[in-house]
Amino acid sequence: MHTRAESTPDDPDGGPGDDAADRRFDGPWLRFLAVALVGWSVAYGLDRVLLAAGSPAGAAAAFTHGYLLAPLVTAAILLDALSLAERNVADLGLFKWPYALVALSAPPVAVVYYAHREWLKPDDAALLSGPS
């Protein structure tokens, strides 16, 4: 687990360097993570508090938070961690896997992941912004 702050050189014509074109994991993963986590919280809250267990609406809410949104949170955690490592910003190492495994059953672990991610943050805040 380490933090690296290396910048990639730009092409003379002002475009991003060849290294940026080779990135496989770039994307707005934190936005996906936030939206999926909020959606999971709403669906889980509806399922536990407002809906009866045997009702069709309860089954739809349980399916939504258990089989759609929890895996989306897991995927967003993994892709964000891989994107950070690929851009040489921060490497979570093996920690990304426990976060992902726990997120399958308890997506609010994404808050702990985000805190860990910010703790590894280098001094240059522009490095952790989304791909430009």
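Residues numbered from 1 in each chain as written. Predicted model: local features only at pLDDT ≥ 70, side-chain atom pairs only at ≥ 80, totals over all residues. Heavy atoms only, no water.

Student: Honestly, the overall build of the protein in this entry has me stumped. Any pointers?
Tutor: Secondary structure assignment for the protein yields five helices and two strands. What you see in the protein, going N to C, is helices and strands ordered as β-α-α-α-β-α-α. Counting across all 132 residues of the protein, residues that qualify as buried make up 34%. Counted over contacts in the protein with a minimum sequence separation of 6, partners at least 24 positions apart contribute 69%. (Helix = DSSP H or I, 4+ residues; strand = E, 2+ residues; numbered from the N terminus. Buried < 20%, exposed > 50% of the residue type's maximum accessible area, 1.4 Å probe, protein only. Contact = heavy atoms within 4.5 Å.)

Student: Explain the nonpolar core here, please?
Tutor: One recurring pattern in soluble globular proteins: nonpolar side chains tend to sit buried together. Leu-33, Val-73, Ile-77, Ala-110 and Tyr-113 are the most contacted members of the largest nonpolar core, which totals 17 residues. Residue assignment for this core shows that the elements contributing at least two residues are helix H2 (29-50), helix H3 (56-86), helix H4 (96-105) and helix H5 (109-119). Counting residues per element, this core draws most heavily on H3, which supplies five residues. Beyond its immediate sequence surroundings of up to four residues, Ile-77 is in contact with Leu-33, Tyr-99, Ala-100, Ala-103, Ala-110 and Tyr-113. (Core = buried A, V, L, I, M, F, W, Y, C linked by side-chain atoms within 4.5 Å.)

Student: Sorry, what's going on with a nonpolar patch on the surface here?
Tutor: Nonpolar side chains collect at one region of the surface, where Val-38, Val-42, Leu-46, Val-49 and Leu-50 lie side by side and expose about 490 Å² of accessible area between them. Within the secondary structure, Val-38 is located in helix H2. (Patch = residues over 30% accessible without salt bridge, like charges linked within 9 Å, V, L, I, M, F, W, Y side chains within 5 Å. Areas by Shrake-Rupley, 256 points an atom, 1.4 Å probe, with all protein chains shown as cover. Salt bridge = Lys/Arg side-chain N within 4 Å of Asp/Glu carboxyl O.)

Student: Got a minute to help me understand the packing of aromatic side chains in this structure?
Tutor: Each pair of aromatic rings is reported with the distance of its centres and the angle of its planes. Counted by the stated rule, this structure contains four aromatic pairs. Ring centres 5.6 Å apart and planes at 45° place the aromatic pair Trp-29 and Phe-32 in the tilted group. Taken as a pair, Trp-29 and Phe-32 lie in helix H2 at a separation of three residues, close to a single helical turn. Centre to centre, the rings of Phe-63 and Tyr-67 are 5.6 Å apart; their planes meet at 35°, and the pair counts as tilted. Of the two residues, Phe-63 and Tyr-67 both sit in helix H3, four residues apart, roughly one turn of that helix. Accessibility expressed as a relative area gives 62% for Tyr-67, which makes it exposed. (Phe/Tyr/Trp six-rings, centres within 6.5 Å; stacked < 30°, edge-to-face > 60°.)

Student: Help me understand the confidence of the model for the protein, please; the structure alone is not making it clear to me.
Tutor: Parts of the prediction with low pLDDT should not have their coordinates interpreted in detail. Of all residues in the protein, 74% attain a pLDDT of 70 or more, and the chain-wide mean is 80. Predicted confidence in the protein is weakest over strand E1 (residues 2-3), with a mean pLDDT of 52, and strongest over H4, with 95. Note on residues 5-15: pLDDT is under 50 here. Beyond four places in sequence and across chains, it has 14 contacts. (pLDDT = per-residue confidence, 0-100.)

Student: Can you walk me through the packing of H3 against H5 in this structure?
Tutor: Helix-helix packing: each pair is described by the crossing angle between the helix axes and the interaxial distance. Viewed as axis vectors pointing N to C, H3 and H5 meet at an angle of 10°, and their least axial separation amounts to 11 Å. Between H3 and H5, the angle falls in the class roughly parallel. Across the interface between the two elements, Val-73, Ile-77, Asp-80, Ala-81 and Leu-84 from H3 touch Ala-110, Tyr-113 and Arg-117 from H5. Of the residues contributing to the contact of H3 with H5, the split by class is six nonpolar, no polar and two charged. (Axes fitted to C-alpha atoms, helices over the stretch in contact; angles between N-to-C directions. Parallel < 35°, antiparallel > 145°, perpendicular 65-115°, else oblique. Nonpolar A, V, L, I, M, F, W, Y, C, P; charged D, E, K, R; others polar.)

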